[in-house]
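Observations on chain architecture
Residue strings, one per chain:
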Amino acid sequence: MILSRVRSLRTAAIATILAAFAFLPGCFKAGTPPVAGAVTIELTSPAQTFPLSPGAATTVTATVYDESNNGVTWTSTPVNFGAISGQTSVTGTSNFQTVATITYTAPANISANTTVTITATSVSNPTITASVPIKVSPTVVSLETVLPLTGNSIPAAAQTLAPGQILTLTGAVLPLTVNSQGVAWTLTPADAGSLTGQTTGSANYVAPATISSPLTATVTATAIADSNATASVQVTVLPSGAATNVVVVNVDGGPVPLKVYPNGVFTSVTICNPGSNSSSSPVCQSVDGILVDTGSYGLRLLQSEIALLSLPTFVDGLGNTLENCASNVDGSYLWGPVSQADLYIGGETTVFTSPLPVQVISSTDVIVPESCSNGGTANLNTSQLLGANGILGIGPESTDCTLNGVNLCDGSSQATPPNLYYTCPKVGCATTDSPVVVAPLQQVTNPILFLTNTGTFSTDNNGAILRLPSVSGVESSVTGTLTFGIGTEPNNLLGSATVLTLDSTDQFTTSFNNQTLTNSFIDSGSDALFFPDSLTICTDNPQFFCPASLTALSAEMNGATEGQATVNFSVDNADNLLSNNPGSAAFSNLAGPSGTYQSCANGNASCVFDWGLPFFYGRSVYTHIDACLPPPVACSPTQAAWWAF
Amino acid sequence: MKILVPFGALSTRGAWILVVLLTLGAPFHAFAALGDAPQSVAVDQERIKASLKIIQGDAFTIYEMTCPTGTVVREYVSSSNGRVVGVSWRGPFIPDLKQLLGSYFDQYVGAAKEQRDTHGVRRPLNIQEPELVVQTAGHMRAFSGRAYNPGALPAGSNADDIK
């Protein structure tokens, strides 16, 4: 029989050994053996109001009753995370009691909130142990912007400003300690506007009074006590002025060092624990390198990029977690739990609606059901594999399991889809797990549906406009904007744009080179135009066309019930483009095959014209989100899914 | 609850437990993977409500199955050797390609990885190998694709017929 008792000054202390019968803590004094020959260990450590900062230390004391006076040995888990030192031991003070004290020092670099378990093990009887948890946290700088009208602060997300506009920022160092010392401010590039009124808690960024082209600057707050802890906000000054429903997007090769993502359009978001406000633990993280994708639905973030956050998941009555699988056209997939987050993007936020269901892409190699993984295709769970830190899916549907306004995953319309949602126990999924039905409110949701403008309190939740400048052949990078809402504010009116309505599969028809391509869509997440043609396939890049010279082409788009447009485009030799411009990100003449010309000219019902990012260059492309009820309820054109440009 | 999905959960139950509800009076068939011969199996009409259409042609017999989740899968069985020489799919969900491609699956995975590694970007596949062509297209909730063995197409047919 194990006889031990554990008591800690901290209520959260873990008793790893429990008496087989109920000895309650405090029922007898330390040093008074309940049974002759038994060993007891009692651990204490100072009350922990705040987590330990990197490199900080705390003490743990063990009071041991042991007739042999052998004391204890110490271990900590995770192993090699911080260090135990300064072991002191005073033996035989009274009643065979030993008091041993150690110092635990947190690692100098901490990447995520961690609970370290310190364990004391009896030398006389190694089956007797006692443990105490120590919370450690990275030093984190919390950066917020102050809203001009209300004076309220919100987590700092990438901002667009007008020339001369002032942005007030506040910075705080977390976890709070008696000598956090606050932050110091820097502006990069140093001449991109100015910083005024700097204190260790706040500063004003003042945009240049006049500019001729968009200017991007980064304001960084660095913890004075720990130069490794920084937080930044990207500000872009637009000559045309700015508004809180606009965020800047960049075709800049993406976030992966030494790897250029061609024709990828990226933005940044700020993600927070839902409902969080100022507290002692970090609650928000800014993530850049988020691919803007009009061909998918929902925000998907790599877990490694939001390691400081604790986003709640959906857990059923049996303790199972709701997991999501997103299949990609190339057979690869994204896997991870549906998690609830607060999102800030530009001056828009989801906090006035409800926590946004997002997919957190599991960074660790967990077991994935075979119906999702297809038994061996690629799990894109790192930024190197994904080419991005996340995906902002803002296509014309409300969730990742909705088509033409009909929810395919909630069990209302059809059998359970084969590879979208799963519920798995805490230990993880099995390869044989089957998909499940999921209520719409728990599905990964198009983030635009939840957006409210923090400046105007307009609900800009019916769509978005992606605007990119013209690209003539090849550019190293280009900057554009993503404007939230359609017809909800003065700067997002539809005007005279051509509207293309969509069919029951959310697609329209493209007539091209004597083919009728009924499965056509507009997709900023495709890095080229993809269509069936007899152009030469590339040798080095068989997913692209390689005509001998620049080839001019034309196609006609036809909406399902309305909308018609003729689009001229050109195709260049992709092998030459990519090898001759290794550092460039924007290519207007990149195209590749989808199916083959002969097959589609013969009347193949599934032939595709994928209007990828080159279509967006020089255009404002509107994506209107389906707000219709499922058929047979009639849907008005103003509620339906459509594209416009 | 286990839900049996055509081309979905089959890999864990062996490749042949593919159950379809047939059109009037037709014999019961299961689909084979690329390169295999179709086989007959018992039908469990309670579990699976997929519909099957059989299109008899000169070069191929086409088995077209509409999954209860909306994806249409076609298998092209060669009239000359009775084997599946091509498959195609279109619909909101990608079918179980491991089941559909059978012994060609590993080759497909390797070739797909190679195309993805070139730039690390998700884009339609165009795999052109001597014994396996795979082409995919589409995006979330609208996928399509086809796979065939170009050397096994029967006389009087060509790759354009696989669609």
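Residues numbered from 1 in each chain as written. Chains lettered and ligands numbered in written order. Predicted model: local features only at pLDDT ≥ 70, side-chain atom pairs only at ≥ 80, totals over all residues. Heavy atoms only, no water.

Comments concerning a nonpolar patch on the surface
Residue and element names in this part refer to chain A. On the surface, Val 351, Phe 352 and Phe 457 cluster together to form a nonpolar patch covering roughly 280 Å² of accessible area. Inspection of the secondary structure puts Val 351 in the loop between strand 23 (348-349) and strand 24 (356-361). Val 351 sits in the partly exposed class, given a relative accessible area of 31%. (Patch = residues over 30% accessible without salt bridge, like charges linked within 9 Å, V, L, I, M, F, W, Y side chains within 5 Å. Areas by Shrake-Rupley, 256 points an atom, 1.4 Å probe, with all protein chains shown as cover. Salt bridge = Lys/Arg side-chain N within 4 Å of Asp/Glu carboxyl O. Helix = DSSP H or I, 4+ residues; strand = E, 2+ residues; numbered from the N terminus. Buried < 20%, exposed > 50% of the residue type's maximum accessible area, 1.4 Å probe, protein only.)

Describing the state of the cysteines
Overall, the coordinates contain seven disulfides over all chains when judged by the stated rule. The residue that forms a disulfide with Cys 325 of chain A is Cys 372 of chain A, at a sulfur-sulfur distance of 2.1 Å. Between Cys 325 of chain A and Cys 372 of chain A, the S-S torsion sits near 85°, and that sign places the bridge as right-handed. In this pair, Cys 325 of chain A is assigned in strand 21 (residues 321-327) and Cys 372 of chain A in helix 1 (residues 370-373), connecting sequence segments 47 residues apart. What makes Cys 372 of chain A buried here is its relative accessible area of 4%. In this structure Cys 67 of chain B is a free cysteine whose sulfur lies 15 Å from that of Cys 401 of chain A, the closest cysteine sulfur available. (Disulfide = S-S within 2.5 Å.)

Thoughts on the pattern of salt bridges
On inspection of all chains with the given rule, the structure shows six salt bridges over all chains. Here Asp 527 of chain A ties to Arg 123 of chain B by a salt bridge, and the two come within 2.5 Å at their closest N and O atoms. Taken together, the residues Asp 527 of chain A in the loop between strand 35 (515-522) and strand 36 (529-530) and Arg 123 of chain B in the loop between helix 2 (105-119) and strand 5 (126-129) connect one chain to another. As a salt-bridge pair, Glu 64 of chain B and Lys 53 of chain B come within 3.9 Å of each other at their nearest N and O atoms. Remark: Lys 53 of chain B occurs in strand 1 (residues 51-56) and Glu 64 of chain B occurs in strand 2 (residues 60-66); sequence separation between them is 11 residues. By relative accessible area, which is 10% here, Glu 64 of chain B ends up buried.

A word on the interface of chain B and chain A
Contact with chain B, which involves 47 residues of that partner, is made by 69 residues of chain A. Each partner contributes to the roughly 4,900 Å² buried at the junction of chain B and chain A, and carbon and sulfur atoms together form 56% of this total. The largest contributions to the chain B side of the interface with chain A come from Arg 122, Arg 123 and Met 140 of chain B, which together make up 17% of the buried area. Linking chain B with chain A are three salt bridges, by the criterion used here. Of all the elements in the fold, those that place two or more residues in the side of chain B that touches chain A are helix 1 (97-101), helix 2, strand 6 (132-139) and strand 7 (142-148) of chain B. (Contact = heavy atoms within 4.5 Å. Buried area = accessible area lost by both parts, 1.4 Å probe.)

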